[in-house]
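Analysis of the macromolecular model
Listed here are the chains, written in short residue letters.
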Number of protein chains: 2
Amino acid sequence: MSGTGAARAQDCGDLLADNGEFVREILDRVGDKWSLLVIGNLRDGPRRYSELMQIVPGISQRMLTVTLRLLGEDGLLRREAYAEVPPRVEYSLTPLGESLLETASALVRWAGDHQVEIRAHRENTGG
Amino acid sequence: MSGTGAARAQDCGDLLADNGEFVREILDRVGDKWSLLVIGNLRDGPRRYSELMQIVPGISQRMLTVTLRLLGEDGLLRREAYAEVPPRVEYSLTPLGESLLETASALVRWAGDHQVEIRAHRENTGG
DNA sequence: CCGAATCCATTTGGATACTG
DNA sequence: CAGTATCCAAATGGATTCGG
(Lines give C-alpha, C1' and ligand atoms only; values in the text may rest on other atoms or scores of the structure.)
Protein backbone atom coordinates (compact mmCIF):
# COMPACT_ATOMS: atom_id res chain seq x y z
CA MET A 1 0.00 0.00 0.00
CA SER A 2 2.84 2.38 0.78
CA GLY A 3 3.77 1.64 -2.81
CA THR A 4 6.32 3.59 -4.74
CA GLY A 5 5.01 6.91 -3.62
CA ALA A 6 4.66 7.77 -7.25
CA ALA A 7 1.21 9.21 -6.69
CA ARG A 8 0.48 11.48 -3.74
CA ALA A 9 -2.89 12.55 -2.51
CA GLN A 10 -2.97 15.69 -4.60
CA ASP A 11 -2.12 13.73 -7.72
CA CYS A 12 -5.08 11.50 -7.09
CA GLY A 13 -7.36 14.47 -7.22
CA ASP A 14 -5.79 15.49 -10.45
CA LEU A 15 -6.20 12.04 -11.88
CA LEU A 16 -9.84 11.88 -10.95
CA ALA A 17 -10.33 15.27 -12.49
CA ASP A 18 -8.15 15.28 -15.55
CA ASN A 19 -7.23 11.81 -16.72
CA GLY A 20 -10.38 10.10 -17.81
CA GLU A 21 -8.76 7.25 -19.68
CA PHE A 22 -6.57 6.21 -16.81
CA VAL A 23 -9.25 6.14 -14.16
CA ARG A 24 -11.58 4.36 -16.49
CA GLU A 25 -9.09 1.63 -17.27
CA ILE A 26 -8.77 0.54 -13.67
CA LEU A 27 -12.42 1.04 -12.79
CA ASP A 28 -13.57 -0.88 -15.81
CA ARG A 29 -11.62 -3.85 -14.59
CA VAL A 30 -12.26 -3.58 -10.88
CA GLY A 31 -15.75 -2.15 -10.98
CA ASP A 32 -17.32 -4.55 -13.41
CA LYS A 33 -20.07 -6.87 -12.38
CA TRP A 34 -18.02 -9.76 -11.05
CA SER A 35 -14.28 -9.07 -10.64
CA LEU A 36 -14.41 -7.81 -7.09
CA LEU A 37 -16.70 -10.63 -6.00
CA VAL A 38 -14.31 -13.22 -7.40
CA ILE A 39 -11.32 -11.53 -5.79
CA GLY A 40 -13.12 -11.34 -2.49
CA ASN A 41 -13.84 -15.04 -2.59
CA LEU A 42 -10.18 -15.86 -3.08
CA ARG A 43 -9.11 -14.07 0.09
CA ASP A 44 -8.79 -17.27 2.13
CA GLY A 45 -6.73 -19.23 -0.35
CA PRO A 46 -7.06 -21.15 -3.63
CA ARG A 47 -10.46 -22.01 -5.01
CA ARG A 48 -11.55 -24.36 -7.75
CA TYR A 49 -13.67 -23.32 -10.69
CA SER A 50 -16.69 -25.24 -9.47
CA GLU A 51 -16.31 -23.83 -5.97
CA LEU A 52 -16.44 -20.28 -7.31
CA MET A 53 -19.52 -21.12 -9.32
CA GLN A 54 -21.31 -22.08 -6.14
CA ILE A 55 -19.97 -19.33 -3.90
CA VAL A 56 -20.48 -16.35 -6.18
CA PRO A 57 -24.24 -15.97 -6.26
CA GLY A 58 -25.78 -15.81 -9.69
CA ILE A 59 -22.66 -15.87 -11.83
CA SER A 60 -22.84 -17.78 -15.09
CA GLN A 61 -20.20 -20.11 -16.48
CA ARG A 62 -19.43 -17.65 -19.20
CA MET A 63 -18.87 -14.69 -16.91
CA LEU A 64 -16.81 -16.71 -14.48
CA THR A 65 -14.56 -17.88 -17.29
CA VAL A 66 -14.26 -14.41 -18.77
CA THR A 67 -13.62 -12.76 -15.40
CA LEU A 68 -10.98 -15.30 -14.42
CA ARG A 69 -9.20 -14.86 -17.73
CA LEU A 70 -9.16 -11.05 -17.51
CA LEU A 71 -7.97 -11.03 -13.92
CA GLY A 72 -5.29 -13.52 -14.87
CA GLU A 73 -4.13 -11.38 -17.77
CA ASP A 74 -3.76 -8.42 -15.43
CA GLY A 75 -1.73 -10.51 -13.01
CA LEU A 76 -4.27 -10.27 -10.20
CA LEU A 77 -4.71 -13.99 -9.87
CA ARG A 78 -2.82 -17.16 -10.76
CA ARG A 79 -4.18 -20.22 -12.49
CA GLU A 80 -2.86 -23.66 -11.62
CA ALA A 81 -4.01 -26.68 -13.63
CA TYR A 82 -3.37 -30.22 -12.41
CA ALA A 83 -3.16 -32.98 -15.00
CA GLU A 84 -5.36 -35.42 -13.13
CA VAL A 85 -8.57 -37.28 -13.74
CA PRO A 86 -10.91 -35.70 -13.16
CA PRO A 87 -9.10 -32.49 -14.10
CA ARG A 88 -8.62 -29.89 -11.40
CA VAL A 89 -7.89 -26.18 -11.74
CA GLU A 90 -7.19 -23.86 -8.86
CA TYR A 91 -7.17 -20.06 -8.78
CA SER A 92 -5.40 -17.99 -6.17
CA LEU A 93 -4.58 -14.33 -5.60
CA THR A 94 -1.17 -12.99 -6.49
CA PRO A 95 0.43 -10.38 -4.19
CA LEU A 96 -0.91 -7.79 -6.61
CA GLY A 97 -4.39 -9.20 -6.24
CA GLU A 98 -4.13 -9.16 -2.47
CA SER A 99 -3.11 -5.52 -2.45
CA LEU A 100 -6.14 -4.67 -4.57
CA LEU A 101 -8.35 -6.58 -2.17
CA GLU A 102 -7.14 -4.39 0.66
CA THR A 103 -7.71 -1.18 -1.25
CA ALA A 104 -11.09 -2.25 -2.50
CA SER A 105 -12.10 -3.13 1.03
CA ALA A 106 -11.81 0.54 1.93
CA LEU A 107 -14.47 1.30 -0.64
CA VAL A 108 -16.68 -1.43 0.74
CA ARG A 109 -16.13 -0.06 4.24
CA TRP A 110 -17.21 3.36 3.00
CA ALA A 111 -20.33 1.86 1.48
CA GLY A 112 -21.12 0.12 4.74
CA ASP A 113 -20.69 3.27 6.79
CA HIS A 114 -22.92 5.36 4.54
CA GLN A 115 -25.38 2.81 3.27
CA VAL A 116 -28.27 4.02 5.40
CA GLU A 117 -27.59 7.64 4.54
CA ILE A 118 -27.57 6.90 0.83
CA ARG A 119 -30.71 4.80 0.87
CA ALA A 120 -32.58 7.39 2.89
CA HIS A 121 -31.63 10.15 0.49
CA ARG A 122 -32.57 7.96 -2.46
CA GLU A 123 -36.09 7.44 -1.11
CA ASN A 124 -36.63 11.14 -0.51
CA THR A 125 -35.84 12.01 -4.09
CA GLY A 126 -37.87 9.18 -5.52
CA GLY A 127 -34.84 7.23 -6.73
CA MET B 1 -13.42 8.30 6.97
CA SER B 2 -13.14 6.95 10.52
CA GLY B 3 -16.84 6.43 10.12
CA THR B 4 -19.00 4.62 12.59
CA GLY B 5 -16.71 1.66 12.84
CA ALA B 6 -19.71 -0.43 11.91
CA ALA B 7 -17.64 -2.42 9.44
CA ARG B 8 -14.20 -3.68 10.40
CA ALA B 9 -11.58 -5.05 8.05
CA GLN B 10 -12.75 -8.63 8.41
CA ASP B 11 -16.30 -7.65 7.65
CA CYS B 12 -15.17 -6.09 4.44
CA GLY B 13 -13.75 -9.38 3.32
CA ASP B 14 -17.04 -11.00 4.15
CA LEU B 15 -18.94 -8.39 2.23
CA LEU B 16 -16.77 -8.81 -0.83
CA ALA B 17 -17.20 -12.54 -0.57
CA ASP B 18 -20.78 -13.02 0.46
CA ASN B 19 -22.92 -10.01 -0.29
CA GLY B 20 -23.01 -9.60 -4.03
CA GLU B 21 -26.00 -7.30 -4.17
CA PHE B 22 -24.59 -4.84 -1.70
CA VAL B 23 -21.17 -4.50 -3.27
CA ARG B 24 -22.74 -4.26 -6.67
CA GLU B 25 -25.07 -1.47 -5.65
CA ILE B 26 -22.26 0.83 -4.64
CA LEU B 27 -19.89 -0.15 -7.42
CA ASP B 28 -22.56 0.28 -10.04
CA ARG B 29 -22.97 3.84 -8.93
CA VAL B 30 -19.36 4.74 -8.28
CA GLY B 31 -17.74 2.62 -10.94
CA ASP B 32 -19.81 3.64 -13.91
CA LYS B 33 -18.33 5.49 -16.80
CA TRP B 34 -18.61 9.04 -15.51
CA SER B 35 -19.57 9.37 -11.83
CA LEU B 36 -16.08 9.40 -10.42
CA LEU B 37 -14.86 11.85 -13.06
CA VAL B 38 -17.64 14.26 -12.23
CA ILE B 39 -16.99 13.93 -8.50
CA GLY B 40 -13.30 14.48 -9.05
CA ASN B 41 -13.99 17.66 -10.94
CA LEU B 42 -16.05 19.05 -8.08
CA ARG B 43 -13.21 18.72 -5.58
CA ASP B 44 -12.26 22.41 -5.74
CA GLY B 45 -15.73 23.83 -5.29
CA PRO B 46 -18.99 24.41 -7.17
CA ARG B 47 -19.11 23.98 -10.94
CA ARG B 48 -21.69 24.93 -13.51
CA TYR B 49 -23.22 22.52 -15.97
CA SER B 50 -21.39 24.02 -18.92
CA GLU B 51 -18.10 24.01 -17.02
CA LEU B 52 -18.39 20.29 -16.39
CA MET B 53 -19.20 19.70 -20.06
CA GLN B 54 -15.88 21.29 -20.97
CA ILE B 55 -13.76 19.82 -18.19
CA VAL B 56 -14.88 16.21 -18.34
CA PRO B 57 -13.36 15.02 -21.60
CA GLY B 58 -15.76 13.35 -24.00
CA ILE B 59 -18.92 13.37 -21.88
CA SER B 60 -22.19 13.99 -23.69
CA GLN B 61 -25.01 16.22 -22.55
CA ARG B 62 -27.16 13.21 -21.90
CA MET B 63 -24.64 11.39 -19.72
CA LEU B 64 -23.76 14.50 -17.77
CA THR B 65 -27.42 15.11 -17.02
CA VAL B 66 -28.03 11.50 -16.06
CA THR B 67 -24.91 11.28 -13.91
CA LEU B 68 -25.67 14.51 -12.08
CA ARG B 69 -29.21 13.39 -11.36
CA LEU B 70 -28.13 9.98 -10.01
CA LEU B 71 -25.40 11.44 -7.83
CA GLY B 72 -27.87 13.98 -6.55
CA GLU B 73 -30.41 11.29 -5.69
CA ASP B 74 -27.79 9.47 -3.67
CA GLY B 75 -26.91 12.64 -1.79
CA LEU B 76 -23.37 12.82 -3.10
CA LEU B 77 -23.77 16.25 -4.61
CA ARG B 78 -26.04 19.26 -4.22
CA ARG B 79 -27.79 21.17 -6.98
CA GLU B 80 -28.37 24.90 -6.66
CA ALA B 81 -30.40 26.70 -9.28
CA TYR B 82 -30.46 30.50 -9.50
CA ALA B 83 -33.52 32.17 -11.01
CA GLU B 84 -31.62 34.56 -13.22
CA VAL B 85 -31.28 35.33 -16.89
CA PRO B 86 -29.44 33.60 -18.26
CA PRO B 87 -30.23 30.71 -15.92
CA ARG B 88 -27.40 29.42 -13.78
CA VAL B 89 -27.10 26.06 -12.00
CA GLU B 90 -24.25 25.06 -9.75
CA TYR B 91 -23.27 21.63 -8.48
CA SER B 92 -21.14 21.01 -5.42
CA LEU B 93 -20.11 18.04 -3.32
CA THR B 94 -21.89 17.25 -0.11
CA PRO B 95 -19.86 16.01 2.88
CA LEU B 96 -20.90 12.53 1.79
CA GLY B 97 -19.53 13.15 -1.68
CA GLU B 98 -16.28 14.46 -0.28
CA SER B 99 -15.79 11.38 1.83
CA LEU B 100 -16.31 9.22 -1.24
CA LEU B 101 -13.76 11.27 -3.12
CA GLU B 102 -11.18 10.50 -0.44
CA THR B 103 -11.91 6.80 -0.49
CA ALA B 104 -11.96 6.60 -4.24
CA SER B 105 -8.61 8.37 -4.34
CA ALA B 106 -7.08 5.40 -2.56
CA LEU B 107 -8.16 3.21 -5.44
CA VAL B 108 -6.69 5.63 -7.92
CA ARG B 109 -3.47 5.69 -5.90
CA TRP B 110 -3.36 1.91 -6.07
CA ALA B 111 -3.85 2.02 -9.81
CA GLY B 112 -1.01 4.50 -10.14
CA ASP B 113 1.35 2.42 -8.06
CA HIS B 114 0.68 -0.77 -9.98
CA GLN B 115 -0.05 0.56 -13.42
CA VAL B 116 3.25 -0.50 -14.93
CA GLU B 117 3.04 -3.94 -13.38
CA ILE B 118 -0.44 -4.50 -14.73
CA ARG B 119 0.36 -3.30 -18.21
CA ALA B 120 3.49 -5.44 -18.39
CA HIS B 121 1.58 -8.54 -17.36
CA ARG B 122 -1.16 -7.74 -19.84
CA GLU B 123 1.30 -7.63 -22.72
CA ASN B 124 2.87 -10.92 -21.77
CA THR B 125 -0.44 -12.71 -21.89
CA GLY B 126 -1.53 -11.06 -25.08
CA GLY B 127 -4.24 -8.96 -23.42
C1' DC C 1 -14.84 -31.18 -14.22
C1' DC C 2 -13.22 -27.16 -16.78
C1' DG C 3 -14.22 -23.98 -20.08
C1' DA C 4 -14.94 -22.36 -24.97
C1' DA C 5 -18.60 -20.99 -28.48
C1' DT C 6 -22.89 -19.45 -30.10
C1' DC C 7 -27.12 -17.02 -29.74
C1' DC C 8 -29.97 -13.60 -27.71
C1' DA C 9 -31.91 -10.01 -24.25
C1' DT C 10 -30.78 -6.11 -21.63
C1' DT C 11 -28.14 -2.18 -20.66
C1' DT C 12 -25.21 1.56 -21.63
C1' DG C 13 -23.95 5.43 -23.89
C1' DG C 14 -23.34 8.65 -28.12
C1' DA C 15 -25.49 11.92 -31.84
C1' DT C 16 -28.82 14.78 -32.84
C1' DA C 17 -32.67 17.76 -32.50
C1' DC C 18 -35.57 20.24 -29.57
C1' DT C 19 -37.59 22.92 -25.13
C1' DG C 20 -37.85 26.39 -20.91
C1' DC D 1 -27.58 28.20 -20.38
C1' DA D 2 -29.46 24.08 -18.79
C1' DG D 3 -31.51 20.56 -19.76
C1' DT D 4 -35.04 16.75 -22.43
C1' DA D 5 -36.41 13.34 -26.08
C1' DT D 6 -35.58 10.14 -29.59
C1' DC D 7 -33.07 7.10 -32.15
C1' DC D 8 -29.25 4.00 -32.71
C1' DA D 9 -24.72 1.42 -31.97
C1' DA D 10 -21.88 -1.07 -28.91
C1' DA D 11 -20.93 -3.46 -24.76
C1' DT D 12 -22.56 -6.48 -21.18
C1' DG D 13 -24.21 -10.59 -19.60
C1' DG D 14 -27.42 -14.96 -19.40
C1' DA D 15 -28.85 -19.62 -21.45
C1' DT D 16 -27.56 -23.17 -23.92
C1' DT D 17 -24.67 -26.23 -26.40
C1' DC D 18 -20.45 -28.42 -27.27
C1' DG D 19 -15.40 -29.92 -26.70
C1' DG D 20 -10.83 -31.55 -23.90
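Given the structure is predicted, the values throughout are model-derived calculations rather than measurements.

1. Let's talk about the pairing of strand β2 (residues 77–82) of chain B
Residue and element names in this part refer to chain B. Of the pairings in the sheet, the one linking β2 to strand β3 (residues 88–93) comprises six bridges and is antiparallel in character. Across the sheet, the residue bridging to Y82 is R88, located in β3. The turn linking β2 back onto β3 is made up of five residues.

2. Thoughts on the domain arrangement of chain A
Residue and element names in this part refer to chain A. Assigned domains of chain A: these are domain 1 (1–30) and domain 2 (32–125). Listed by partner, the interface residues are five residues for domain 1 and nine residues for domain 2. If you look at where domain 1 meets domain 2, you find one salt bridge. Among the ionic pairs, D74 bridges to R29, the shortest N-O distance being 2.6 Å. Here domain 1 is connected to domain 2 by three residue pairs in polar contact (both at pLDDT 80 or more). Among the residues making up the side of domain 1 that touches domain 2, the classes are represented as three nonpolar, no polar and two charged.

3. Points about unusual backbone geometry
In this model, V85 of chain A is joined to P86 of chain A through a cis peptide bond whose omega is 0 degrees. Relative to the helices and strands, P86 of chain A resides in the loop between β2 (77–82) and β3 (88–93).

4. Quick notes on helix α5 (residues 61–73) of chain A
The terminal C-alpha atoms of α5 of chain A lie 18 Å apart, and with 13 residues this matches the ideal 18 Å at 1.5 Å per residue to within 8%. Backbone geometry just after α5 of chain A places G75 of chain A at a positive phi near 80 degrees.

5. What to know about the sheet that holds strand β1 (residues 47–48) of chain B
The strands making up a sheet associate through hydrogen bonds between their backbones, and the pairing can be parallel or antiparallel. In spatial order, the strands read β1-β3-β2 (chain B); together these three strands make up an open sheet with antiparallel pairing. Where the open sheet ends on each side, the last strands, each with one partner, are β1 and β2 of chain B.

6. Overview of the protein's contact with DNA strand C
Residue and element names in this part refer to chain A. Around DNA strand C lies a shell of 18 residues, among which Y49, S50, T65, R79 and Y91 are the nearest. Of all DNA strand C atoms lying within 4 Å of any protein atom, the proportion belonging to sugar or phosphate reaches 65%. Between DNA strand C and the protein, one listed contact pairs a phosphate oxygen with a side-chain N or O atom of R48 at 3.2 Å. Contact distances for DNA strand C include 2.8 Å between a phosphate oxygen and a side-chain N or O atom of S50. The element best represented in the surface near DNA strand C is α5, accounting for four residues. Looking at the surface near DNA strand C residue by residue, the class counts come to seven nonpolar, five polar and six charged.

7. Brief notes about the packing of aromatic side chains
For the structure shown, the criterion picks out zero aromatic pairs over all chains. Sitting over the ring of Y82 of chain A, R88 of chain A keeps its end group 4.0 Å from the ring centre.

8. Some words on the packing of helix α6 (residues 95–124) of chain A against helix α6 (residues 95–124) of chain B
Between α6 of chain A and α6 of chain B, whose axes approach to 10 Å, the crossing angle comes to 170 degrees. Classified by the angle their axes make, α6 of chain A and α6 of chain B are roughly antiparallel. Contacts from L96, S99, L100, T103, A106, L107, W110, H114, E117 and I118 of chain A of α6 of chain A reach α6 of chain B at L96, S99, L100, T103, A106, L107, W110, H114, E117 and I118 of chain B. For the contact of α6 of chain A with α6 of chain B, a count of residues per class yields twelve nonpolar, six polar and two charged.

9. Topic: the protein's contact with DNA strand D
Around DNA strand D, a shell composed of 19 residues is seen, among which K33 of chain A together with S50, T65, R79 and Y91 of chain B lie nearest. In DNA strand D, the atoms that sit within 4 Å of the protein are 62% sugar and phosphate, with bases accounting for the remainder. V89 of chain B places a polar main-chain atom, nitrogen or oxygen, 3.5 Å from a phosphate oxygen of DNA strand D. For the surface near DNA strand D, the secondary-structure elements that each account for two or more residues are α5 of chain A together with α4 (49–55), α5 (61–73) and β3 of chain B. Partitioned by chemical class, the residues of the surface near DNA strand D number seven nonpolar, five polar and seven charged.

Reading the values: rules and limits
Residues numbered from 1 in each chain as written. Chains lettered and ligands numbered in written order. Predicted model: local features only at pLDDT ≥ 70, side-chain atom pairs only at ≥ 80, totals over all residues. Heavy atoms only, no water. Pairing = 2+ DSSP bridges. Helix = DSSP H or I, 4+ residues; strand = E, 2+ residues; numbered from the N terminus. Domains from an automatic or database assignment. Contact = heavy atoms within 4.5 Å. Salt bridge = Lys/Arg side-chain N within 4 Å of Asp/Glu carboxyl O. Polar contact = N/O pair within 3.5 Å; in protein donor to acceptor, adjacent residues only side chain to side chain. Nonpolar A, V, L, I, M, F, W, Y, C, P; charged D, E, K, R; others polar. Expected span 1.5 Å × (residues − 1). Near = heavy atom within 4 Å. Phe/Tyr/Trp six-rings, centres within 6.5 Å; stacked < 30°, edge-to-face > 60°. Lys NZ or Arg CZ within 6 Å of the ring centre and 35° of its normal. Axes fitted to C-alpha atoms, helices over the stretch in contact; angles between N-to-C directions. Parallel < 35°, antiparallel > 145°, perpendicular 65-115°, else oblique.

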